[in-house]
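Spelled out, the chains give:
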Amino acid sequence: MSPGTTSPGTTSPGTTGTGTTSPGTTSTGSARPGSRTGTWQAWARAVPPLARASTHGASPDPAATATRLAEAGLAEQYMVYETEGGVWHYAAGSAVTVTATATGITARAAGRSWTSRTDGKPLDAFAAALSALATTGAGTDGNGTARHFYGWAAFELAHLLHADPAATGDAPLLHVLVPSVEVTLAGEGTLVRAQDEAWTRKVADLLAEPRTRGTACGEPAPGSTEGVIATGADAYGRAVARTVADIRAGLLEKAVVSRKVPLPADPRVDFPATYLAGRRANTPARSYLLDLGGCRAAGFSPETVLEVGEDGRVSTQPLAGTRARGTDPAENERRRVELLTDPKEIHEHAVSVRLAWEEMEAVCRPGSVAVEEFMAVRARGSVQHLASRVTGGLRDGAGPWDAFASLFPAITATGVSKRAALEALARHEDGPRGLYGGAVFRGSTGGALDAALVLRTLVGADGETWLRAGAGVTAQSSPEREVEETCEKLRSVAPYLRYTGG
């Protein structure tokens with residue numbers, strides 16, 4: 001669908017551009033970010049509720065059904081998000097969004113825009129806008145069910161939270177869509193919540209189509225997968241060596257150094273087909289397919305940055321320590337034992353769990369933080385990881401975005417300490433990460449937030465498409481081993497790249 005096209009039941013977002021003034025726009029003065037209640041209340045009151053709900057039979061293949069909905073082009077922006085237990089969510093719309101940079105935030109609804117400064121605290125303003133949504137009629141449906149929102153956070157938000165604000169840049173750091181239609185595909189059935197009857201009918205028609213119609217397939221990669229994943233390996237090895245030198249000099253304990261693998265512009269990568277092919281072969285903690293806020297992605301996240309329930313329970317799932325995983329069970333078991341006994345991998349994992357504990361303590365009730373799982377081995381597509389889970393209960397007065405601010409970005413995508421690791425990454429990596437190492441999330445006006453770490457992901461933005469992978473570098477690291485680890489991780493995505501024909 002081209003920009004400015006009006007989808008069923010929506011108002012075209014093309015009526016006002018970023019930074020423009022339109023009828024009904026609320027202008028803000030110099031008030032502190034996050035305190036502009038009137039601005040965000042005015043925006044929230046303009047958000048139409050999901051007034052229609054319908055139920056349908058369970059899909060025998062929810063991944064394919066969700067992908068087919070994404071392919072249908074119902075709106076300019078969409079997200080497919082797979083949550084725990086094999087439940088898929090599809091959300092689409094275009095008229096209701098919130099976008100934040102380091103210096104400003106813009107909320108859109110009903111063809112109007114509300115803008116404000118962030119004064120270097122975009123997450124505060126972002127949280128305030130979404131909090132206002134919870135207090136209006138659009139915050140729930142007729143049955144009192146919380147409204148959901150879908151979005152992403154770029155890795156560069158980390159520099160504002162933990163390191164050098166000057167390294168943040170001026171690109172969007174946070175973007176969220178409040179959908180006009182949301183479809184939940186679960187084992188017991190399919191639930192459609194929509195803004196109006198037009199949306200309900202459109203989705204019902206798509207759900208009724210034969211499964212073979214419109215299902216993503218694409219064409220396999222035209223060249224060698226191994227040739228693709230080897231791109232930039234030599235330069236990456238040198239970056240690892242420099243990082244090891246920093247660690248041995250006492251500047252930090254660990255850094256997760258990554259490398260970018262650009263993909264050619266022709267043939268063009270088919271994101272939905274890549275997502276479906278990759279999901280068939282992977283065993284992720286979360287998966288997602290999106291075209292949202294100028295970013296496209298198809299990913300198979302090995303872990304969550306955080307999970308917050310409406311009851312205030314919060315958990316994080318650090319994975320650190322890696323070995324390859326293939327088709328030979330005996331070889332996989334040998335590597336599993338090797339992983340559990342390798343001093344470098346154990347040290348890398350233990351320091352990540354220690355920092356996760358400290359970050360949880362900053363936002364949780366005293367005495368509530370616990371390690372519920374320690375150094376289990378989890379299969380994640382082409383690799384297996386050491387995995388732990390740290391849980392706690394949010395302290396009084398803290399909400400999901402407080403937890404997000406403390407835990408983002410994931411330790412396993414940055415290092416220890418976070419500040420020192422971020423400074424090392426700025427020295428040794430090739431440019432900003434963007435979505436990689438950030439988060440893709442689904443939240444609710446009831447206080448829930450489920451945020452997946454963006455790894456094992458195909459990303460597209462600004463006319464480019466790429467993969468990226470990293471490895472945890474410690475004092476015991478060797479460049480050769482860390483290069484091979486990035487290749488092992490890239491094999492979770494690269495073999496499943498699909499391309500459009502013609």
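Everything below is about the structure shown above.
Quick look at the structure, then. Keep in mind the model is a prediction, meaning the values are calculated, not measured. (Residues numbered from 1 in each chain as written. Predicted model: local features only at pLDDT ≥ 70, side-chain atom pairs only at ≥ 80, totals over all residues. Heavy atoms only, no water.)

Now for the overall build of the chain. The number of helices and strands found in the chain is 13 helices and 25 strands. Taken over the C-alpha trace, the chain has a radius of gyration of 22 Å; the compact-globule value for 502 residues is 23 Å, and the two agree within 12%. Seen through its C-alpha atoms, the chain measures out along the principal axes to roughly 60 × 55 × 40 Å. Considering only contacts within the chain whose residues lie at least 6 apart along the sequence, 74% involve residues at least 24 apart. When the accessible surface of the chain is split by element, carbon and sulfur atoms take 51% of a total near 18600 Å². (Helix = DSSP H or I, 4+ residues; strand = E, 2+ residues; numbered from the N terminus. Rg over C-alpha atoms; globule rule 2.2 N^0.38 Å. Contact = heavy atoms within 4.5 Å. Areas by Shrake-Rupley, 256 points an atom, 1.4 Å probe, with all protein chains shown as cover.)

Right, let's get into the environment of G189. Mapped onto the elements, G189 comes out in strand 10 (residues 189-194). Once the C-alpha coordinates of G189 and P60 are considered, the two residues, 129 residues apart in sequence, prove to be 9.8 Å apart. Those residues in contact with G189, other than ones at most four positions away along the chain, are H56, G57, A58 and T184.

Core analysis: the largest hydrophobic core is formed by 64 residues, its most contacted members being W43, F126, L306, V314, W401 and F404. If you tally residues by element for this core, the top one is helix 3 (residues 122-134), at nine residues. Look past the residues within four positions of F126 in its chain and what remains in contact with it is V98, A100, I105, L174, H175, V176, W401 and F441. Of all hydrophobic cores here, the second largest spans 39 residues; its members include A64, V261, L276 and L497. (Core = buried A, V, L, I, M, F, W, Y, C linked by side-chain atoms within 4.5 Å. Buried < 20%, exposed > 50% of the residue type's maximum accessible area, 1.4 Å probe, protein only.)

Sheets are built from strands paired through backbone hydrogen bonds, the pairs being either parallel or antiparallel. With antiparallel pairing, eleven strands are arranged side by side in an open sheet as 1-10-9-3-2-13-14-23-24-12-20. Lying at the two open borders of the sheet, with one neighbouring strand each, are strand 1 (52-56) and strand 20 (415-416). Pairing of strand 1 with strand 10, which is carried by five bridges, proceeds in the antiparallel orientation. Each bridged residue has a counterpart across the sheet, and for R52 the counterpart in strand 10 is A194. Where helix 13 (residues 479-490) meets the sheet, its contacts fall on strand 12 (254-263) and strand 24 (464-473), and the angle it forms with strand 24 comes to roughly 135 degrees. (Pairing = 2+ DSSP bridges. Axes fitted to C-alpha atoms, helices over the stretch in contact; angles between N-to-C directions.)

Right, let's talk about the packing of helix 9 (residues 329-341) against helix 10 (residues 343-361) for a bit. Axis separation between helix 9 and helix 10 bottoms out at 5 Å; the angle between their running directions is 65 degrees. Contact with helix 9, carried on its side by L339, L340 and T341, involves P343, E345 and I346 of helix 10 and no other residues of that element. Residue classes in the contact of helix 9 with helix 10 are distributed as four nonpolar, one polar and one charged. (Nonpolar A, V, L, I, M, F, W, Y, C, P; charged D, E, K, R; others polar.)

Moving on, we come to a nonpolar patch on the surface. On the surface, a nonpolar cluster with roughly 260 Å² of combined accessible area is contributed by W357, V371 and F374. Along the chain, the position of F374 falls in strand 18 (residues 370-380). (Patch = residues over 30% accessible without salt bridge, like charges linked within 9 Å, V, L, I, M, F, W, Y side chains within 5 Å. Salt bridge = Lys/Arg side-chain N within 4 Å of Asp/Glu carboxyl O.)

Take helix 13 next. Spanning twelve residues, helix 13 covers 17 Å between terminal C-alpha atoms, matching the ideal 16 Å at 1.5 Å per step. Buried residues of helix 13: E482, V483, E485, T486, C487, E488, K489 and L490, and no others. (Expected span 1.5 Å × (residues − 1).)

This paragraph deals with unusual backbone geometry. For residues other than glycine, phi is negative in most cases, and the peptide bonds are mostly trans. Residue P267 is reached from D266 by a cis peptide bond, and omega for that bond is 5 degrees. The topology assignment puts P267 in the loop between strand 12 and helix 8 (271-281). Backbone torsion omega between F408 and P409 reads -15 degrees, so that peptide bond is classified as cis. In this structure, P409 sits in the loop between helix 11 (400-407) and strand 20. Positioned with a positive phi, D462 is a non-glycine residue whose angle comes to about 55 degrees.

Moving on, we get to helix 11. The buried fraction of helix 11 amounts to six of the eight residues, a majority that puts the element mostly inside the structure. The complete set of buried residues in helix 11 reads P400, W401, A403, F404, S406 and L407.

The next point concerns the environment of T115. Following the sequence through the fold, T115 ends up in strand 6 (residues 112-117). Taking the C-alpha atoms as reference points, T115 and A100, separated by 15 residues in sequence, lie 9.7 Å from one another.

This part takes up the pattern of salt bridges. Inspection of every chain in the model, using the stated rule, returns 37 salt bridges. Of the charged contacts, one joins R296 and D291 as a salt bridge, the two residues approaching to 3.7 Å between their closest N and O atoms. Here E338 makes a salt bridge to R323, at a shortest N to O gap of 2.5 Å. With a gap of 15 residues between them, E338 in helix 9 and R323 in strand 17 (residues 319-324) connect regions that are remote in the sequence.

As for its placement among the helices and strands, G299 is situated in strand 14 (residues 295-301). Among the residues examined, G299 registers a relative accessible area of 0% and is labelled buried. Separated by 28 residues in sequence, G299 and F271 have C-alpha atoms that sit 9.6 Å apart. Beyond its immediate stretch of four places on either side in the chain, G299 contacts Y275, R286, S287, Y288, R456 and T457.

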